[in-house]
Amino acid sequence: MDWITHEEDVWFDFRGSSPDQLVSGRYYKGTVDGFADFGVFVDLSPGVTGLLHRSELDRRLESLDWDAGDTVFVQVKNVRDNGNVDLAWSKRQSDGEFRGAKVHDPDGDEDGDPIESDDDDDDGPVRKTPTAPDDESDRGSERTSANTSTETTNDDGDDGDIASGDRGNGSTAAVATETREDEEEDVAGTHERVAVASLDGHVGETIGLEGEIVSVRQTSGPTVFELRDDTGVIDCAAFVEAGVRAYPEVEVGNVVRLDGEVERRYEELQVETEALSVLDGEDAAAVEERLADALTAEARPESVTELGNHDAIDAVADDLLDAAETIRRAVLESRPLVVRHAATADGYVAGAAVERAVLPLIRDEHAAADAEYHYFTRRPLEGAVYDMDDATNDVTRMLQDRDRHDEKLPLVLLVGTGSTVESSDGLGLLGIYGAQRVVVDAEVADAAVAEDCDAIVNPGLAGADAADLSTGALAATLAATVTPDAGADLAHLPAISYWGDTPEAFVDLAADAGYDADRTRELREAIALEAYYQSYEDKRELITDLLFDDAGGLAGHISEQFRRKLDDEVDTATANLDRRVGDVTVDVLDTDAYTHRFDFPPTELLIDALHRRRSDDDDHLTVGIGTDELYLRDDRDLDVRGVAADAAERVTDAGITAASVRDGRIEFLSGRRDDAVDAVIDAATDRLA
């Protein structure tokens, strides 16, 4: 037949080994590897994976009916200098919708050859897949076919290797195994047990493994079992036939014994599963005890890695060790980590510090380049309260990941949020579903929150004075404790998290790392501006460039915009302040009337800036008033809940309540705005007078 040669009319079967061999604009058949908040990872060939960002989809990511292992069609949009592949959406999602198919084999003789379609199969060309043997004599030939399926790409573009979402301890196990009708032969334990960490010395040998199954993925080829023993993690796959679940009785959390052959493909270790059995009774208990002892020994840091001397940090040393152990244990157990932080400069510094420390641990555990996106998520919050809306979002995602991808429930780490009772409902919802919760906050915290989480790090609850400690500094210390080798990268972060009165220890620490006062100011301002835009996005790469990889040009450019925008808004606001003089001087700004809505700076940051510039008056109180909320700023320890309670007694029908103690935010009914505002200001000045 005559083949249409226009590349937009055909799809390609990529058989190359490097991203730079791809051709932008071409459509390729690939295999869904995994999902993240921002899109879908698609394997185009063994070792070459692209990202189909959600912005490229013609529908919501949540409504996409793809599963890991599904065969899909995508267009290569761009191949970046660092090897990242950007993919675009293809409306055509079956072979029959294209005018033809060709081989793209840059290093082979078949490059450009047409792929003949099977007339009886609308989904693609003929699939050459091994089938289960009919009798014992077929096993040898099936073993050969199974091995072939793991080493090559099938003619329909499906990779016979594993989906690369979960690869363990620098190794991938994409393997094939025979189907046995004789159940007695399919019992593991006939080969000597070795440790995962020593597999490199057993390539080509058939060995035994014992451990826990931490994930199961069904790909378009084999079933992939991720096994963890007391020394590391390895992925194993069992092949019955393409897309068919092997060992359906084996589930996540089972303790198993596995026999298989150790192999190395694409520079990664693999184990070819030959037998897999679930352990119980004393056998299972012995393995579980071994795993638990190893986890505790590896997860618990020896001591807190201090970035700067501070009494408040010393007061929570044990709590920091507990939190660091919980984080390290989650990584070792292949449990996803979700970090929640406020969309502020301090919040981003805190979240980025944890990210900088945890990602190397994930990379050590999983060889896949995209593992850090599967096992680490940082989600900013618009406020300092972890409310039911935030918790519902997180629970929905984690249940989808559990049911769709067989992932473990995550550890949710809240930094600079979740520390007061206003977050109890959200924390409680996470607890109902069994997600682990750790709260880290240098500022205000309520003792009752300790009952709603697995661990809390707060100097105030430990009886320490933390008035001059930022959450960014506390979280950076936690991060350095999690990964001491990351300490040098984190040294400048505490100083960036302060808008003023930075403790000398952190100033000196930053200076020693090459960050003087002007440099830390630029970074703080740049982060604050970027935190405002798309506040719901983590902006991982941009934040990394700013905080860790910028030579000065990027931060300086953004900082200049920050100062211009903030100064203009502060000048306008200052000219429209309502100053009320009494026992306490009060500056009141009607933010609805005298600020640009939906533009930088946000109300909280503007009120902070106004208050800092006029804080020479010890009795000075700054109030920013919106439609149905206001913000209080005072240099003293003003009891926001007490102020709200006093005001509510004065105006009983205004719905006055403390919405966020950490933000100094009080809510009221907009219809009673004037009376509510007067009641709150009177209550605050009475307490300060």
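Residues numbered from 1 in each chain as written. Predicted model: local features only at pLDDT ≥ 70, side-chain atom pairs only at ≥ 80, totals over all residues. Heavy atoms only, no water.

What follows deals with the pattern of salt bridges. Under the defined criterion, the tally for this structure stands at 46 salt bridges. With a closest N to O distance of 2.5 Å, D446 and R641 form a salt bridge. With D446 in the loop between β16 (436–440) and β17 (455–457) and R641 in helix α18 (residues 640–650), this residue pair connects regions lying 195 residues apart in the sequence. Classification of D446 as buried rests on a relative accessible area of 14%. Residue R641 is classed as partly exposed on the basis of its relative accessible area, which comes to 29%. Several salt bridges share partner residues, and in doing so they unite R193, E210, D230, R257 and R290 into one network. (Salt bridge = Lys/Arg side-chain N within 4 Å of Asp/Glu carboxyl O. Helix = DSSP H or I, 4+ residues; strand = E, 2+ residues; numbered from the N terminus. Buried < 20%, exposed > 50% of the residue type's maximum accessible area, 1.4 Å probe, protein only.)

Attention shifts here to the sheet that holds strand β23 (residues 665–667). The strand order across the open sheet formed by 6 strands is β18-β19-β20-β21-β23-β22, and the pairing between neighbours is mixed. Of all strands in the sheet, those bounded by a partner on one side alone are β18 (578–580) and β22 (657–660). The sheet shows a mean angle of 25° between the axes of neighbouring strands, taken without regard to direction. Bridge analysis of strand β20 (residues 620–625) against strand β21 (residues 629–633) gives 4 bridges, and the strand direction is antiparallel. (Pairing = 2+ DSSP bridges. Axes fitted to C-alpha atoms, helices over the stretch in contact; angles between N-to-C directions.)

Here we take up helix α7 (residues 388–405). The end-to-end C-alpha separation of α7 is 25 Å, in line with the 26 Å expected for 18 residues at 1.5 Å each. Within the sequence span of α7, burial applies to D390, A391, D394, V395, M398, L399 and H405. Close packing links the buried residues of α7 with β2 (27–36), β8 (206–218), β13 (337–342), β14 (376–381) and α8 (424–432). Where α7 begins, the side chain of D387 points an oxygen toward the backbone nitrogen of D389, at a separation of 3.1 Å. Within two residues after α7, D406 carries a phi angle of roughly 60°, on the positive side. (Expected span 1.5 Å × (residues − 1). Contact = heavy atoms within 4.5 Å. Polar contact = N/O pair within 3.5 Å; in protein donor to acceptor, adjacent residues only side chain to side chain.)

Looking at the secondary structure, you find E333 in the loop between α4 (317–332) and β13. Here E333 falls in the buried class, since its relative accessible area comes to 13%. When residues no more than four places from it in sequence are discounted, the contact partners of E333 are V214, R228, L295 and K408.

We now examine the nonpolar core. L490, L493, I527, L547, F562, L589 and L610 are the most contacted members of the largest nonpolar core, which has 44 residues in total. Only α5 (345–365), α9 (471–482), α11 (493–496), α12 (504–512), α13 (517–532), α14 (540–547), α15 (553–575) and α17 (603–613) provide two or more residues apiece to this core. By size, the runner-up hydrophobic cluster in this structure holds 39 residues, among which are I313, V354, V415 and V440. (Core = buried A, V, L, I, M, F, W, Y, C linked by side-chain atoms within 4.5 Å.)

Just distances and angles here, no functional claims.
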